[in-house]
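Residue-level listing of the chains:
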Amino acid sequence: EQKAIATPKRTKEILDKYSFAFKKSLGQNFLIDVNVLENIVEKAGVDEESGVIEIGPGIGALTEQLAKKADKVLAFEIDQRLLPILNDTLEPYENIRIVHEDILKANVHEVIEEYFQEGQPIHVVANLPYYITTPILMNLLMDNLPITSINVMIQKEVADRMAAEPGSKSYGSLSIAVQYYTEASVVMDVPKTVFMPQPNVGSAILRLVMREEPPVQVDNEPFYFDLVRASFGQRRKTLMNNLSRHFKDRFSKDEIREGLEEASIEGGRRGESLSMAEFARLANTFYSML
Ligand code: SAM
């Protein structure tokens, strides 16, 4: 049996064979540690029933480990140069399909319907290109896809922000956006040494489990997210300050004071101290005053 793709030796051989030069602009940092990969696959809960969507297979390091455990793997790769390489490295596996597309432009609904069984549990598992982490994840979350979980290697700092709880330093509008759709947790931190080439930033594995229902009742979602962003507008300023400034064309200072009081939220607090439930109460109150 051949060695795993993700060993440093085999990775170098593959790169040499195809004279492959990394494109920094495409966020190409390949994983060269089989243990880390097995860990990712296991923590994602992938089993023989699972359909898996991968974003950016590279030379197939993670794709191979996924194919060993999952029913089927579907991978989106933007870099044309990798297609013949993947064709070669993943040749032993029959349950993989590579789609040559930009994940930000792909019709993921359509591809899922075409390739997976109806009702099959689907997990997204990827070592993401870091330059577009947030747009990729927000697209997946807002697209109403029939997926169970998203398990991704991303910059540690972004993982911490997405999974942060109220009151913590990393808590902000990104935490609230992500946690509106999912239950978020940082599974583990990963050292730079498991990548080739090594990235400039620290990495972590983020796990997002899709919620069936939003955790809070929100009367108008765009208004809610707008109010949340406004509340974190200037982090050191109070809610009273940030909200008066943001809503100055819609509400007078007195109305802002009234709204805060009606929602039983102290105007002297800062956005970083509010839970999702408190933001929902505040947004619903102001929305009803429009
Ligand atoms: N999965 C491989 C691994 O772990 O070794 C490679 C991960 S590398 C961090 C990111 C991969 O995403 C690269 O293969 C890159 O070409 C690909 N990529 C970058 N932008 C993309 C996009 N918009 N759509 C699909 N793939 C993309």
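Everything numeric in this text was worked out from a predicted model, so none of it was measured.

1. Things to note about the UniProt feature "binding site: S-adenosyl-L-methionine" (unreviewed entry) in the protein chain
According to UniProt, the positions carrying the feature "binding site: S-adenosyl-L-methionine" (unreviewed entry) are Asn29, Leu31, Gly56, Glu77, Asp102 and Asn127. Summarising the element assignment, Asp102 is placed in the loop between strand S4 (96–99) and helix H5 (108–115). You can call Asp102 exposed: it has 10 C-beta atoms within 10 Å. Mapped onto the fold, Asn127 is located in strand S5 (residues 122–127). Judged by the 27 C-beta atoms lying within 10 Å of it, Asn127 falls in the buried class. Setting aside residues no more than four positions away along its own chain, Asn127 makes contact with Leu31, Gly56, Leu62 and Met153.

2. Here's the deal with the site of the ligand
Near the ligand there are 23 residues, and of these Phe30, Gly56, Gly58, Asn127 and Pro129 occur at the shortest range. Within the residue set of the shell around the ligand, elements represented by two or more residues are strand S1 (30–31) and helix H3 (61–69). The residue makeup of the shell around the ligand, split by class, is 14 nonpolar, 6 polar and 3 charged.

3. Structural notes on the sheet that holds S4
Here we have 7 strands laid out as an open sheet, ordered S4-S3-S2-S5-S6-S9-S7, and mixed in their pairing. The sheet is open, and its two edges are formed by S4 and strand S7 (182–190), each paired on a single side. For this sheet, the mean angle separating the axes of adjacent strands, direction not counted, is 20°. Pairing geometry for strand S2 (residues 51–55) and strand S3 (residues 72–76), over 5 bridges, is parallel. In the sheet register, Ile55 faces S3, and the bridge partner there is Phe76. Together, S2, S5, strand S6 (149–155) and S7 form the strand contacts of helix H6 (residues 133–142), whose direction differs from that of S6 by roughly 170°. Packed on one face of the sheet, helix H8 (residues 173–181) meets S7 and strand S9 (203–210) and runs near 115° to S7.

4. Considering helix H12 (residues 276–289)
If you check H12, its first and last C-alpha atoms are 20 Å apart, about what 14 residues at 1.5 Å a residue would give, namely 20 Å. Those residues of H12 not exposed but buried are Phe279, Ala280, Leu282, Ala283 and Phe286. Angular distribution of buried residues about the axis of H12 spans 165°; they occupy a single face of the element. In H12, those exposed residues whose orientation departs by more than 90 degrees from the buried face are Ala277 and Ser288. Each element contacted by the buried residues of H12 is listed here: H8, helix H9 (221–231) and helix H11 (253–262).

5. As for the pairing of S5
Taking burial as the measure, the 6 residues of S5 include 6 buried ones, the bulk of the element. The alternating pattern of S5 places Ile122, Val124 and Ala126 on one face and His123, Val125 and Asn127 on the opposite face, and all of these are buried. Pairing of S5 with S6 involves 5 bridges; the strand directions are parallel. What sits directly across from Asn127, in S6, is Met153. Crossover handedness for the path S5 to H6 to S6: right-handed.

6. Some details on the packing of helix H10 (residues 239–246) against H11
Close contact between H10 and H11 brings their axes to 10 Å; oriented N to C, the two are set at 130°. In terms of orientation, H10 lies oblique with respect to H11. Crossing of H10 over H11 shows right-handed handedness. Contacts from Leu239, Met240, Leu243 and Ser244 of H10 reach H11 at Lys253, Ile256 and Leu260. For the contact of H10 with H11, the class distribution of residues is 5 nonpolar, 1 polar and 1 charged.

7. A look at the environment of Val194
Topologically, Val194 is positioned in the loop between S7 and strand S8 (195–196). Along the primary structure Val194 and Phe30 are separated by 164 residues, whereas in three dimensions their C-alpha atoms are 8.3 Å apart.

Procedures and definitions
Residues numbered from 1 in each chain as written. Predicted model: local features only at pLDDT ≥ 70, side-chain atom pairs only at ≥ 80, totals over all residues. UniProt positions renumbered as here; feature names shortened; annotations may be inferred. Helix = DSSP H or I, 4+ residues; strand = E, 2+ residues; numbered from the N terminus. Buried ≥ 20, exposed ≤ 12 C-beta atoms within 10 Å, placed from the backbone. Contact = placed C-beta atoms within 7 Å. Near = placed C-beta within 6 Å. Nonpolar A, V, L, I, M, F, W, Y, C, P; charged D, E, K, R; others polar. Pairing = 2+ DSSP bridges. Axes fitted to C-alpha atoms, helices over the stretch in contact; angles between N-to-C directions. Expected span 1.5 Å × (residues − 1). Arc of directions from axis to C-beta. Right-handed = clockwise from strand over helix to strand, strands pointing away. Parallel < 35°, antiparallel > 145°, perpendicular 65-115°, else oblique. Left-handed = near helix turned anticlockwise from the far one by under 90°.

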